[in-house]
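Close look at the chain arrangement
What follows is the residue order along each chain.
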Amino acid sequence: MRRTDLLRVAGRVARILGPEECLLVGGLAVGSHGYVRATRDVDFIVRADLAAVRARLLANGIAAVLTRGDPLEGGFPCVKAMVDDVRVDLMPPLVPLTWERAITVPLSKGTSLRIVDLEDLLRLKLKAGGPRDLMDVAALVLRHPLLEPTARTLALAFGLFDALARWLADPRLKAEIQGTKGERALKRLAGKMRARGQASRRRR
Amino acid sequence: METPLSAKAALLQALAVPGYGLDLVKRVQRDSAGLIRLRPGSVYPALRAMEQEGLVAVRPGQADGRRGRPRRYYELTLRGVQVAIAQRAALLELLGGPGVTATPDVGEMRRQLESCSSLSGSVVELERRVRDVMGLPR
């Protein structure tokens, strides 16, 4: 059985829809911005009408359904597709995105992915507002400390100031991103030993 | 100088992040380097009109000392987001391009994307094997 490869799936979808027409968001985008974690699906924001997106996927042999979502429950319409056993969600813009700030990352075979920029990603995550989303925001802020004032201001506007503050203070998340004192000391020691080994090899 | 945007158009752009009336007025002024100043007399009718058109939704915030009255936070609806994006695109077209240049480390982003994809593949594979061993449906 072929190994699950989310990046290949994302590249294939971007090739079908046109790399300029879809922005990678979700777990893979979080990973590309520095918080690498496992994710099960591939998420895109698309510019085109969702019915047209679904038709395009179907025309390329990809099973896809259009779900409407209940706006009263905070739901939104979404195309759900399945590519090589990987779920792909294609959503309309849920916050006003600055499309021109998205980052183009070239992949193999001449394809490329447009990845949502960090600030828009934070707004998308805060709009979603689930526990995983807040953890992602906090992890990205710990990874990019200059973002902290922006993230806290955004969280205040989305009514999530206290929730984000709790995640930012979480010692387990801090340890995961920055490493514990012991891990940092171990890394320093390993670096010193490597350098010492290289120096002695050169002397010989 | 005459304000170059209607209150509604300015508010739609300021609402990229939810906010309350006075906050939005300050935001428009700050983000336009003081060139666009909205008056409360135009802001609240515009927000009410946008609410009626289904462009914004209102949620009460926490009471914050205004004699115990909670602020009204305005947030774009899905339709509001679409209109804001379309208006922004039209404005950028009119003004001749975005003028924004991001300089992230694309090579590093690609490496991290690959790590994330590889890690996710391993987790999915591990879960499959555990399910197989335990005889659970996939």
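Structural notes, computed from the coordinates. Residue indices follow the written sequence of each chain, beginning from 1 at its first position. Numbering of ligands from 1 and lettering of chains from A proceed in the order in which they are written. In keeping with the model being predicted, local features are shown solely for residues with a pLDDT of at least 70 and side-chain atom pairs are shown and tallied solely at 80 or more, while totals for entire chains, interfaces and linings include all residues. By convention in this description, side-chain values take in all heavy atoms of the structure and omit both hydrogens and water.

In this section: the interface of chain A and chain B. Tallying the contact residues gives 46 residues for chain A and 36 residues for chain B. A pairing counts as a salt bridge when a side-chain nitrogen of Lys or Arg comes within 4 Å of a carboxyl oxygen of Asp or Glu. Taken together, chain A and chain B are joined by three salt bridges. R40(A) is paired through a salt bridge with E127(B); the nearest N and O atoms lie 2.4 Å apart. Any pair of nitrogen or oxygen atoms within 3.5 Å is treated as a polar contact; in protein, a donor-acceptor pairing is required on top of that, and neighbouring residues in sequence qualify only through side-chain atoms on both sides. Where chain A touches chain B, the interface holds eleven residue pairs in polar contact (both at pLDDT 80 or more). Every element with two or more residues in the side of chain A that touches chain B is listed here: α1 (6-17), α2 (26-32), β6 (103-106), β7 (112-115), α4 (118-128) and α6 (148-157) of chain A. Classes in brief: Ala, Val, Leu, Ile, Met, Phe, Trp, Tyr, Cys and Pro nonpolar; Asp, Glu, Lys and Arg charged; the others, Gly included, polar. Its residues assigned to classes, the side of chain A that touches chain B shows 25 nonpolar, eleven polar and ten charged. The contact rule is simple, with two residues in contact once any of their heavy atoms fall within 4.5 Å. What counts as a helix is a DSSP run of H or I of at least four residues, what counts as a strand is a run of E of at least two, and both are numbered from the N terminus.

A few words on the packing of helix α5 (residues 131-143) of chain A against helix α7 (residues 161-168) of chain A. Residue and element names in this part refer to chain A. Each axis is a line fitted through C-alpha atoms, taken for helices only over the stretch in contact, and angles between the N-to-C directions span 0 to 180 degrees. α7 packs onto α5 with a crossing angle of 60° between their chain directions and a minimal axis gap of 9 Å. By the angle class used here, α5 and α7 are oblique. Our pair here, α5 against α7, has a crossing hand that is right-handed. Judged by residue contacts, P131, L134, M135, V137, A138, V141 and L142 of α5 engage A163, L164, W167 and L168 from α7. For classification purposes, an angle smaller than 35 degrees is called roughly parallel, one larger than 145 roughly antiparallel, one from 65 to 115 roughly perpendicular, and anything else oblique. Helix crossings fall into two classes, left-handed where the near helix is turned counterclockwise from the far one by less than a right angle and right-handed where it is turned clockwise.

Counting buried residues along helix α1 (residues 7-14) of chain B, six of its eight residues qualify, which places the element largely inside the surrounding structure. Lining the buried residues of α1(B) we find α2 (21-31), α3 (40-52), β2 (70-76) and α4 (78-95) of chain B. Burial status follows relative accessibility: with a 1.4 Å probe on protein chains alone, a residue under 20% of its type maximum counts as buried, one over 50% as exposed, and anything between as partly exposed.

Moving on: the nonpolar core. Buried Ala, Val, Leu, Ile, Met, Phe, Trp, Tyr and Cys residues form a nonpolar core when they are joined through side-chain atoms within 4.5 Å. Counting residues in each nonpolar core, the largest one holds 73 residues, and the members touching the most others are V42(A), F44(A), L57(A) and L90(A). When residues no more than four places from it in sequence are discounted, the contact partners of F44(A) are A10(A), V13(A), C22(A), L23(A), L24(A), V25(A), V88(A), D89(A), L90(A), M91(A) and L113(A). Counting 21 residues, the second-largest nonpolar core is a separate cluster that includes L12(B), V56(B), Y74(B) and V81(B).

Residue and element names in this part refer to chain B. Side-chain rings of Phe, Tyr and Trp, where Trp is taken by its six-membered ring, are said to pair if the distance between their centres is within 6.5 Å; with planes under 30 degrees apart they count as stacked, over 60 as edge-to-face, and otherwise as tilted. Within this structure, the stated rule accounts for one aromatic pair over all chains. An angle of 80° between the planes, with centres 5.5 Å apart, marks the rings of Y20 and Y73 as edge-to-face. Of the two residues, Y20 is situated in the loop between α1 and α2 and Y73 in strand β2; the sequence distance between them amounts to 53 residues. Of the two residues, Y20 and Y73, neither departs from the other in class, the shared state being buried.

The subject of this paragraph is a nonpolar patch on the surface. Residue and element names in this part refer to chain B. Taken together, the side chains of L126, V130, V133, M134 and L136 present a nonpolar region at the surface, about 520 Å² in accessible area. Positionally, L126 belongs in helix α5 (residues 106-134). For L126, a relative accessible area of 55% gives the class exposed. Only residues whose relative accessible area exceeds 30% and that take part in no salt bridge are eligible for patches, with like-charged residues grouped when within 9 Å of each other and nonpolar side chains (Val, Leu, Ile, Met, Phe, Trp, Tyr) grouped when within 5 Å. Using a 1.4 Å probe, the Shrake-Rupley method yields the accessible areas, and only the shown protein chains count as cover for residues.

Side chains bearing opposite charge may pair, as long as their charged atoms lie close to each other. As enumerated under the stated definition, the model contains 27 salt bridges over all chains in all. Of the charged contacts in the structure, one is a salt bridge between D133(A) and K125(A), with a shortest N-O distance of 3.2 Å. With a shortest N-O distance of 3.2 Å, E125(B) and R129(B) are connected by a salt bridge. Here R129(B) and E125(B) lie together in helix α5, a separation of four residues that amounts to about one turn. Within this structure, R37(A), K125(A), D133(A) and D136(A) form a network of salt bridges that share partners.

Residue and element names in this part refer to chain A. Of the strand pairs in this sheet, strand β3 (residues 63-67) and strand β4 (residues 78-83) are connected by five bridges, and their pairing is antiparallel. Paired with L66 across the two strands is V79, which belongs to β4. One ladder, built from five bridges, connects β4 with strand β5 (residues 86-91); its direction is antiparallel. Across the sheet, V83 pairs through a bridge with V86, a residue of β5. In this description, strands pair whenever DSSP reports at least two bridges between them.

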